[in-house]
Amino acid sequence: MRFTLPEHKTLTHETVITIRWGDMDAMGHVNNTVYFRYLEIARLEWLYRIGGPAHPSHGSGPVIVNAFCNFMRQLEFPGEVLARHYIANPGRTSFDTYVVMERVGEPGVVYAEGGAKTVWTDYAAKKAVPLPEAIRALFG
């Protein structure tokens, strides 16, 4: 089953991630679990850049409630991944994030794409709270 990224989404961040030798598995390609780390790197870089919480002990912030990755082509060492991060579908307490991954030097060739449902949470109360206005404003 392949999840489809929405047509209408907002590009918020781009980053380049170096593929490390240790990212590969015995089959000679980047291990499936590492793709989720690449998704996490792009998402966290974006959150830190917009001033998101640095640690769960600081009031409220994002919690991932589900995640997916569509694997289209095998990434292999050596190389670099261009990860483009998008946001979409804001709700009262949640929004979606998406990442499209290409190899640097191969523009337009998608190797993987994934996403996550993000819920803004009061960490002490362990319950969802409304999105901060600064986050909501990112959706236009």
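Our subject in this report is the structure included herewith. (Residues numbered from 1 in each chain as written. Predicted model: local features only at pLDDT ≥ 70, side-chain atom pairs only at ≥ 80, totals over all residues. Heavy atoms only, no water.)

### A closer look at the overall build of the chain
How we decide: Runs of H or I in DSSP of at least four residues are treated as helices and runs of E of at least two as strands, each being numbered from the N terminus. For the radius of gyration, the atoms used are the C-alpha atoms, and the globule rule reads 2.2 Å times the number of residues raised to 0.38. Burial status follows relative accessibility: with a 1.4 Å probe on protein chains alone, a residue under 20% of its type maximum counts as buried, one over 50% as exposed, and anything between as partly exposed. Residues count as neighbours in contact if any of their non-hydrogen atoms are within 4.5 Å of one another. Areas reported here follow the Shrake-Rupley algorithm with a probe of radius 1.4 Å; residue values treat only the protein chains shown as occluding.
Check the secondary structure of the chain and you find 2 helices and 6 strands. Walking the chain from its N terminus toward its C terminus, one meets helices and strands in the order β-α-β-β-β-β-β-α. Relative to the globule expectation of 14 Å for 140 residues, the C-alpha radius of gyration of the chain, 16 Å, shows essentially globular dimensions. Across its three principal axes, the chain shows a C-alpha extent of roughly 45 × 30 × 30 Å. Across the 140 residues in the chain, those meeting the buried criterion constitute 42%. Within the chain, contacts between residues at least 6 apart in sequence are counted, and of these 68% link residues at least 24 apart. Surface exposure of the chain reaches about 7800 Å², of which carbon and sulfur atoms provide 55%.

### Examining the side chain of E113
So the rule is basically this: Positive charges are assigned to Lys and Arg, negative charges to Asp and Glu, while His and the chain termini are left out of the count. Salt bridge criterion: a side-chain nitrogen from Lys or Arg within 4 Å of a carboxyl oxygen from Asp or Glu.
Tracing the sequence through the fold places E113 in strand β5 (residues 110-122). Despite its burial, E113 pairs with no opposite charge; the closest candidate is R2, at 5.8 Å N-O.

### Comments concerning helix α1 (residues 32-49)
Put simply, the rule is: To estimate the expected span of a helix, subtract one from its residue number and multiply by 1.5 Å.
The end-to-end C-alpha distance of α1, which contains 18 residues, comes to 27 Å, matching closely the 26 Å that a straight helix rising 1.5 Å per residue would cover. All of the buried residues in α1 are V34, Y35, Y38, L39, A42, R43, W46 and L47. Turning to α1, the residues buried within the fold contact β1 (10-18), β2 (60-71), β3 (80-88), β4 (94-103) and β5. Looking one or two residues beyond α1, the residue adopting positive phi is G51, at roughly 90°.

### Comments concerning the nonpolar core
Stated precisely, the cut-off is as follows: We call a set of buried residues a nonpolar core when its members are Ala, Val, Leu, Ile, Met, Phe, Trp, Tyr or Cys and they connect through side-chain atoms within 4.5 Å of each other.
Counting residues in each nonpolar core, the largest one holds 16 residues, and the members touching the most others are V30, Y35, Y38, L75, V81 and M101. Breaking this core down by element, the ones donating at least two residues are α1, β3, β4 and β5. Looking at which element gives the most residues to this core, the answer is α1, with 5 residues. With near-sequence residues (within four places) excluded, V81 lies in contact with T15, V16, I17, I19, Y38, L75, M101, E102 and V104. Listed in part, the 9 residues of the second largest apolar core include I87, F95, W120 and I135.

### Regarding the pattern of salt bridges
Considering all chains together, one arrives at 5 salt bridges under this definition. A salt bridge links R20 to D23; its shortest N-O distance comes to 2.7 Å. Ionic pairing is found between K117 and D96, a salt bridge with its closest N-O pair at 3.0 Å. With K117 in strand β5 and D96 in strand β4, the pair connects residues that are 21 residues apart, well separated along the chain. One salt-bridge network, held together by shared partners, links E14, R84 and E102.

### Notes on the packing of aromatic side chains
For clarity, the threshold we go by: Only rings of Phe, Tyr and Trp enter the pairing, Trp through its six-membered ring, and a pair is recorded when the two centres are within 6.5 Å. The plane angle decides the type: under 30 degrees is stacked, over 60 is edge-to-face, the rest tilted. Charge over a ring is defined by NZ of Lys or CZ of Arg lying within 6 Å of the ring centre and within 35 degrees of the ring normal.
One pass over the structure, following the stated rule, counts 7 aromatic pairs. Among the aromatic residues, ring-to-ring pairing joins F3, F68 and Y98 into one connected group. Positioned over the ring face of Y86 is K9, at 5.0 Å from the centre of the ring.

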